[in-house]
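# Per-entry structural report
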Amino acid sequence: SFSKYHRIAFRANLGQSTGNFEEERQYFLGGAGGMRGYTKPVFIGENIAIFSLEYRFPLLTELDLNLSGLALLHLIQGAIFTDLGTVSNERNTFELRNFKSDFGAGIRLYFDMFGVQPTIFRIDAAYPISSPIESEKDVHYYLSVGQSF
């Protein structure tokens, strides 16, 4: 971080598995916890590599807005991000021609729920860059709880 409210976050997620796995136990490239520009079940495999870079910046700070006594809104933060990754059944997951990428933006709402539990609500929109699948060429939207990483 380079100030109280500005953050640069980086994630590297590498995985390799062996054996025969059911589809639901393999790695998924897309989704809110993966590459946000792709749908979760479209690209799956036994090996994965995902890299993400995210810049988080303040939109509204030190709000302390009481929401009917159920939550206290402290901060509204913006985010811009990009993801790069691949998933395959091949052992060499680092062939650049197999990598997919996306970019997007989001909003983070920092709450104290019920006066004690810090919670982040996250809204993201991401767009895949040159997806090989026509149905994946749309913007993907996510509503999540917690920081992306």
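Before any of the text, the structure's been laid out above.
Residues numbered from 1 in each chain as written. Predicted model: local features only at pLDDT ≥ 70, side-chain atom pairs only at ≥ 80, totals over all residues. Heavy atoms only, no water.

### Section: the overall build of the protein
- Secondary structure assignment for the protein yields 0 helices and 9 strands.
- From first element to last, N terminus to C terminus, the protein shows the α and β order β-β-β-β-β-β-β-β-β.
- Its C-alpha atoms put the protein at 50 × 30 × 30 Å along the principal axes.
- Looking at the protein as a whole, 40% of its 149 residues are labelled buried.
- Counted over contacts in the protein with a minimum sequence separation of 6, partners at least 24 positions apart contribute 61%.
- By element, 58% of the accessible surface of the protein is carried by carbon and sulfur atoms, the whole surface being about 8600 Å².
- Here the protein contributes 13 positively and 16 negatively charged side chains, and the mean placements of these two sets differ by 5 Å. (Helix = DSSP H or I, 4+ residues; strand = E, 2+ residues; numbered from the N terminus. Buried < 20%, exposed > 50% of the residue type's maximum accessible area, 1.4 Å probe, protein only. Contact = heavy atoms within 4.5 Å. Areas by Shrake-Rupley, 256 points an atom, 1.4 Å probe, with all protein chains shown as cover. Lys, Arg positive; Asp, Glu negative; His and termini not counted. Charge placed at Lys NZ, Arg CZ, Asp CG, Glu CD.)

### Let's talk about the nonpolar core
- Counting residues in each nonpolar core, the largest one holds 7 residues, listed as Leu29, Met35, Tyr38, Phe43, Ile48, Ile50 and Val87.
- Contact partners of Leu29, with chain neighbours within four places excluded, come to Gly34, Met35, Lys40, Phe43, Ile48, Ile50, Gly85, Thr86, Val87 and Lys100.
- In this structure, Ala71, Leu73, Phe111 and Met113 belong to the second largest nonpolar core, which totals 5 residues. (Core = buried A, V, L, I, M, F, W, Y, C linked by side-chain atoms within 4.5 Å.)

### Let's talk about the packing of aromatic side chains
- A complete count under the given rule lists 4 aromatic pairs for this structure.
- Their ring planes at 75° and their centres at 5.7 Å tell us that Tyr38 and Phe43 sit as a pair that is edge-to-face. With respect to burial, Tyr38 and Phe43 carry one shared label: buried.
- With a centroid separation of 5.9 Å and 55° between ring planes, the pair formed by Phe103 and Tyr127 is classed as tilted. (Phe/Tyr/Trp six-rings, centres within 6.5 Å; stacked < 30°, edge-to-face > 60°.)

### Digging into the side chain of Arg56
- For Arg56, the location among the structural elements is in strand β4 (residues 47-60).
- At 2.6 Å, the side chain of Arg56 and the side chain of Glu54 are in polar contact.
- If near-sequence neighbours (up to four positions away) are discounted, Arg56 is found in contact with Tyr5, His6, Arg7, Ala9, Gln77, Gly78, Ala79, Gln147, Ser148 and Phe149. (Polar contact = N/O pair within 3.5 Å; in protein donor to acceptor, adjacent residues only side chain to side chain.)

### Observations concerning the pairing of strand β8 (residues 117-129)
- Note: strand β7 (residues 100-113) against β8, 13 bridges, orientation antiparallel. Residue Asp112 lies in a different strand from β8, and its bridge partner there is Pro118.
- Both β8 and strand β9 (residues 140-145) contribute to a ladder of 6 bridges, which runs antiparallel. Paired with Ala126 across the bridge in β9 is His140. (Pairing = 2+ DSSP bridges.)

### A word on unusual backbone geometry
- Even without being a glycine, Glu62 presents a positive backbone phi close to 45°.
- Turning to its location among the elements, Glu62 is positioned in the loop between β4 and β5 (65-67).
- Backbone geometry places Asp64, a non-glycine residue, at a positive phi of 45°.
- Along the chain, the position of Asp64 falls in the loop between β4 and β5.
- Assessed through its relative accessible area of 45%, Asp64 is described here as partly exposed.

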